[in-house]
Amino acid sequence: MVSAALMLRRPLLVTGQPGTGKSSLAHAIAHELSLGRVLHWPVNSRTTLQDGLYHYDAIGRLRDAGLRRDQDGEQGLVPKEPDIGSYVRLGPLGTALLPVTRPRVLLIDELDKGDIDLPNDLLTIFEDGEFEIPELARLTGEQDRARVVTADPGGRADVDRGRVRCSEFPVVVITSNGERDFPPAFLRRCVRLDLPEPDEERLRAIVRAHLGDSDGSGADGIEGIDELVRAFLSRRASGELATDQLLNAVFLRRGGVGLDADGLLDAVLHRLGGTV
């Protein structure tokens, strides 16, 4: 499914219960394909498309322009306006759409928590692969090109005539916990991948991947792993649990904490719904 999304240049919509590795998938893709740092865009109920594209600090520029006029006036100099590019910061989505030789990986995390219109707003951006920054588009002459701040630490990029257009479509991974349905038009344009809850064999593989199996202290390298996996599967059958809760229990067991105590198991393996 990941290969299909890459070949079709479509977003990969990953669904599944919390803790099944939805967000980790984006980092795995970036690592396997050597695509650099993942651009992370966490979504909440107040998130808008503008948040992902760019932010223009008009107030900061106005303040700095006033300070510069005062300083230049005292020295008898002709005031110059501050460089507008320093006040435009691209968001994760805007940075992912910059023209680059190799695509960036963009993780849009928990899209189902966002506004109901956000998925449809994303469609136009994904189809066109470009957007305009009006504050830069109105500039003329020598100011046609602005050097703006990106979502990467210390990152800068040139934007011509206020338009950002990708040369390579980014690898977009969208996660959802299934809290609400998405519009059919949005779903039709995504490659969908559902991550099932891991079974006993896969749980053991996950534990080995995180902790290894070379210390010789017991099965899979961790004494009492059978007990913890059985306890986890038993509790997951009657209520929602996340895989990272099992990892927490295993980490504590490996650190010498007495996880055989029922009270401690209850604290680590509680249901995500808030009940024990």
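Residues numbered from 1 in each chain as written. Predicted model: local features only at pLDDT ≥ 70, side-chain atom pairs only at ≥ 80, totals over all residues. Heavy atoms only, no water.

A. Highlighting the pairing of strand β11 (residues 191-195). Going residue by residue along β11, you find Val191, Leu193 and Leu195 tucked away on one face and Arg192 and Asp194 left uncovered on the opposite face. Pairing of strand β1 (residues 12-16) with β11 involves 5 bridges; the strand directions are parallel. Looking at β11, one finds that leucine 13 is bridged to arginine 192. (Buried < 20%, exposed > 50% of the residue type's maximum accessible area, 1.4 Å probe, protein only. Helix = DSSP H or I, 4+ residues; strand = E, 2+ residues; numbered from the N terminus. Pairing = 2+ DSSP bridges.)

B. How the structure looks around the pattern of salt bridges. All chains considered together, the criterion is met by 13 salt bridges. Close ionic contact of arginine 163 with glutamate 130 constitutes a salt bridge, the shortest N to O distance being 3.6 Å. With arginine 163 in strand β9 (residues 163-165) and glutamate 130 in strand β6 (residues 130-132), the pair connects residues that are 33 residues apart, well separated along the chain. The exposure class assigned to arginine 163 is partly exposed, which follows from its relative accessible area of 38%. (Salt bridge = Lys/Arg side-chain N within 4 Å of Asp/Glu carboxyl O.)

C. Layout of the sheet that holds β11. Within the open sheet, the 5 strands sit side by side as β2-β5-β10-β1-β11. Their pairing is parallel. The strands lining the two open edges of the sheet, one partner per strand, are β2 (39-42) and β11. For this sheet, the mean inter-axis angle between neighbouring strands, taken without regard to orientation, is 20°. Sheet analysis places strand β5 (residues 105-109) next to strand β10 (residues 171-176), joined by 4 bridges and oriented parallel. Its bridge partner being in β10, leucine 106 is matched across the sheet by valine 172. (Axes fitted to C-alpha atoms, helices over the stretch in contact; angles between N-to-C directions.)

D. Here's a closer look at the nonpolar core. Leu93, Ile108, Leu111, Leu122, Phe131 and Leu136 are the most contacted members of the largest nonpolar core, which has 38 residues in total. In terms of residue count, the dominant contributor to this core is helix α6 (residues 118-128) (5 residues). Once residues within four sequence positions are removed from consideration, phenylalanine 131 is found in contact with Leu53, Tyr54, Leu90, Gly94, Leu97, Ile125, Gly162, Arg163 and Val164. In this structure, Leu12, Val38, Val173 and Leu193 belong to the second largest nonpolar core, which totals 16 residues. (Core = buried A, V, L, I, M, F, W, Y, C linked by side-chain atoms within 4.5 Å. Contact = heavy atoms within 4.5 Å.)

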